[in-house]
Amino acid sequence: QVHLVESGGGLVQAGASLRVSCAASGRMFSDYAMGWFRQGPGKEREFVAAIGWAGVSTTYADSVKGRFTISRNNAQNTVYLQMNSLKPEDTAVYYCAASDRGVATVPYNYKYWGQGTQVTVSS
């Protein structure tokens, strides 16, 4: 079992930066690839970014490529999502998730989920 808790969300203006974090507890954090997903109002949950267990392999959704960076610190059992040049369309609840199937872009490959943190970008 892995317990995930997101933090760092908030209200920012367009163009600003924000970093959200996800703290993990339970089984070995480094056993899992980690991902970030988001769900905007009236939208389905969508993939944002993912990182392999060693922090070397990463992949991003086209909509955030070049603006967002995913990273992890296995010693601190934490994964981060640095978000730069935020846009109003980035407004969503951001969820972190843990996968024992490697880096993945679809939700059903993720076994454990956090409760989410709200990010709101005003225009």
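1. A closer look at the packing of aromatic side chains
Any two aromatic rings considered together are summarised by their centre-to-centre distance and by the angle between their planes.
Inference 1: Considering all chains together, one arrives at five aromatic pairs under this definition.
Inference 2: On the numbers, 5.1 Å between centres and 80° between planes, the contact of Phe-37 with Tyr-110 is edge-to-face. Taken as a pair, Phe-37 in strand E4 (residues 33-39) and Tyr-110 in the loop between strand E9 (92-99) and strand E10 (112-113) lie far apart in primary sequence, 73 residues in all. Per residue, the accessibility class of Phe-37 equals that of Tyr-110, and both read buried.
Inference 3: Pairwise contacts between aromatic rings join Phe-37, Phe-47, Tyr-110 and Trp-113 into one cluster.
Inference 4: Over the ring of Tyr-95 we find Arg-45; its NZ or CZ atom is 3.9 Å from the centre of that ring.

2. Section: the state of the cysteines
Inference 1: If you walk through the whole model with that rule in mind, you get one disulfide.
Inference 2: In this model, Cys-22 is linked to Cys-96 through a disulfide, with the two sulfur atoms separated by 1.9 Å. The sign of the S-S torsion, about 45°, decides the handedness of the disulfide formed by Cys-22 and Cys-96: right-handed. Of this pair, Cys-22 sits in strand E3 (residues 18-26) while Cys-96 sits in strand E9, placing them 74 residues apart in sequence.
Inference 3: Given a relative accessible area of 0%, Cys-22 falls into the buried group.
Inference 4: On the basis of relative accessible area, Cys-96 is assigned to the buried category, the value being 0%.

3. Details of the pattern of salt bridges
Inference 1: In this structure the tally under the stated criterion is five salt bridges.
Inference 2: Glu-46 serves as the salt-bridge partner of Arg-38, at 2.6 Å between the closest nitrogen and oxygen.
Inference 3: Since its relative accessible area comes to 34%, Glu-46 is described here as partly exposed.
Inference 4: Residues Lys-111 and Asp-100 are paired through a salt bridge, measuring 3.9 Å at the closest nitrogen-oxygen approach. Placement of the pair is Lys-111 in the loop between E9 and E10 and Asp-100 in the loop between E9 and E10, with a sequence separation of eleven residues.
Inference 5: Ionic contacts of the salt-bridge type, sharing partners, join the residues Arg-38, Glu-46, Arg-67 and Asp-90 into one network.

Definitions and cut-offs
Residues numbered from 1 in each chain as written. Predicted model: local features only at pLDDT ≥ 70, side-chain atom pairs only at ≥ 80, totals over all residues. Heavy atoms only, no water. Phe/Tyr/Trp six-rings, centres within 6.5 Å; stacked < 30°, edge-to-face > 60°. Helix = DSSP H or I, 4+ residues; strand = E, 2+ residues; numbered from the N terminus. Buried < 20%, exposed > 50% of the residue type's maximum accessible area, 1.4 Å probe, protein only. Lys NZ or Arg CZ within 6 Å of the ring centre and 35° of its normal. Disulfide = S-S within 2.5 Å. Salt bridge = Lys/Arg side-chain N within 4 Å of Asp/Glu carboxyl O.

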